[in-house]
Amino acid sequence: MLIALLKTFRIRQWTKNAFVFTALVFDLKLTDPTSLSRTFAAFFLFCLLSSAVYVINDIKDVEADRNHPTKRNRPIASGKLSIRAAWAAAGILLVLTLVPAWFLSTGFFAVCIAYLLMNLAYSTWLKHVPIIDVIIIAAGFVLRAVAGVSVIHVERFSPWLYVVITLFSLYIGFGKRRAELTTLAEDANLHRRVLEGYTITFLDQLITIVSSTTIIAYSLYTFSAPNVP
């Protein structure tokens, strides 16, 4: 069961939470011990929170995952981890996240709640709405960056970075949908209902638009960023 739980926690996906360090890096606080420790604490708590979200998502998607060529091997879908144990694990992870988050920063706690509620809405309904589903994925990365800002005092962090992260995340999201359409081919709609609203041509157009605007946004950030003393 322990191995099944660890697989369901998707620890390898914790790399996504590196966006929490955005404020620390771009605000040049890497050498500040207080900011560094608080950001690492936020990163660890966000890792626990994201794992809780993955568990809940797998519980809600258990039937669809059982019909997927690769997702059917996930612990919950394959029956290696019971749904009851999965709910218990998710509850424990949420407690271990939200209680320390409150003491770390009320702003960080609010971000965690927003991330949790957004993903619950995504798992229940929004993942079936074309375009919106990818926007929610992008919003998750932006909230990670906001989480990093909420635990330290920033002086040079530009709002343009939020725009860059949003556009880059959209690029990743649309690229993921394109890969799913290519991999699942004619059976795509059976495994992920939202893919009915996408075509390869449409996604290629979106990817082209988002990739070009990402470059433009980052260029504008470099021009508007305050000078480093």
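Residues numbered from 1 in each chain as written. Predicted model: local features only at pLDDT ≥ 70, side-chain atom pairs only at ≥ 80, totals over all residues. Heavy atoms only, no water.

Asks: Describe the nonpolar core, with residues and values.
Replies: Phe46, Leu49, Leu81, Phe108, Cys112 and Tyr115 are the most contacted members of the largest nonpolar core, which totals 46 residues. Broken down by secondary-structure element, the contributors of at least two residues to this core are helix H1 (2-9), helix H2 (22-26), helix H3 (33-60), helix H6 (83-104), helix H7 (106-124) and helix H8 (132-150). A total of ten residues in this core trace back to one element, the largest contributor, which is H3. Residues in contact with Cys112, not counting those within four places in the same chain, are Phe46, Leu49, Leu98 and Ala101. Core analysis: the next-biggest nonpolar cluster, separate from the first, contains 16 residues, Leu170, Phe174, Tyr198 and Val210 among them. (Core = buried A, V, L, I, M, F, W, Y, C linked by side-chain atoms within 4.5 Å. Buried < 20%, exposed > 50% of the residue type's maximum accessible area, 1.4 Å probe, protein only. Helix = DSSP H or I, 4+ residues; strand = E, 2+ residues; numbered from the N terminus. Contact = heavy atoms within 4.5 Å.)

Asks: Lay out the pattern of salt bridges in plain terms, naming residues and giving numbers.
Replies: A full pass over the atoms with the stated rule returns six salt bridges. Of the charged contacts, one joins Lys29 and Asp27 as a salt bridge, the two residues approaching to 3.3 Å between their closest N and O atoms. Across the pair, Asp27 and Lys29 agree in class, each one buried. Note that Asp204 is salt-bridged to Arg178, the shortest N-O span being 2.5 Å. In this pair, Asp204 is assigned in helix H11 (residues 200-224) and Arg178 in helix H9 (residues 160-184), connecting sequence segments 26 residues apart. Put simply, Arg10, Asp58 and Arg74 are held in one network by salt bridges that share partners. (Salt bridge = Lys/Arg side-chain N within 4 Å of Asp/Glu carboxyl O.)

Asks: Can you explain the side chain of Ser158? Please cite residues and give values.
Replies: Note on placement: Ser158 falls in the loop between H8 and H9. Ignoring any residue separated from it by four or fewer positions in sequence, one finds Ser158 in contact with Tyr221 and Ser224.

Asks: Residues and numbers for the packing of H6 against H7, please.
Replies: Taken N-terminus to C-terminus, the directions of H6 and H7 make an angle of 145°; their axes are 6 Å apart at the nearest point. As for how H6 packs across H7, the hand of that crossing is left-handed. Contacts between H6 and H7 involve Leu94, Leu98, Ala101, Trp102 and Leu104 from the first element and Thr106, Phe108, Phe109, Cys112, Ile113 and Leu116 from the second. For the contact of H6 with H7, the per-class residue count stands at ten nonpolar, one polar and no charged. (Axes fitted to C-alpha atoms, helices over the stretch in contact; angles between N-to-C directions. Left-handed = near helix turned anticlockwise from the far one by under 90°. Nonpolar A, V, L, I, M, F, W, Y, C, P; charged D, E, K, R; others polar.)

Asks: Please give an account of unusual backbone geometry that cites residues and values.
Replies: Phi is positive for Leu28, which is not a glycine, with a value near 60°. Within the secondary structure, Leu28 sits in the loop between H2 and H3. What makes Leu28 partly exposed here is its relative accessible area of 42%. Its identity is not glycine, yet Ile131 carries a phi of approximately 75°, on the positive side. Residue position: Ile131 is located in the loop between H7 and H8.

Asks: Pulling in residues and values, what's your account of the environment of Val149?
Replies: Locating Val149 in the fold gives a position in helix H8. Given the relative accessible area of 19%, Val149 is considered buried. Counting along the chain gives 126 residues from Val149 to Ala23, while the straight-line C-alpha distance between them is 5.4 Å. Beyond its immediate chain neighbours, meaning those up to four positions away, Val149 contacts Ala23, Val154, Phe157 and Tyr162.

Asks: Got a sec to walk through the packing of aromatic side chains? Specific residues and values, please.
Replies: Two numbers describe a pair of aromatic rings. These are the distance of the centres and the angle of the planes. Under the criterion given, the structure shown has ten aromatic pairs. Ring geometry for Phe26 and Tyr221: centres 5.9 Å apart, planes at 75°, overall edge-to-face. Of this pair, Phe26 sits in helix H2 while Tyr221 sits in helix H11; the two residues are 195 residues apart in sequence, bridging distant segments of the chain. Overall, the relative accessible area of 31% leaves Phe26 in the partly exposed class. Aromatic pair Tyr218 and Tyr221: ring centres 5.7 Å apart, planes at 45°, arrangement tilted. (Phe/Tyr/Trp six-rings, centres within 6.5 Å; stacked < 30°, edge-to-face > 60°.)

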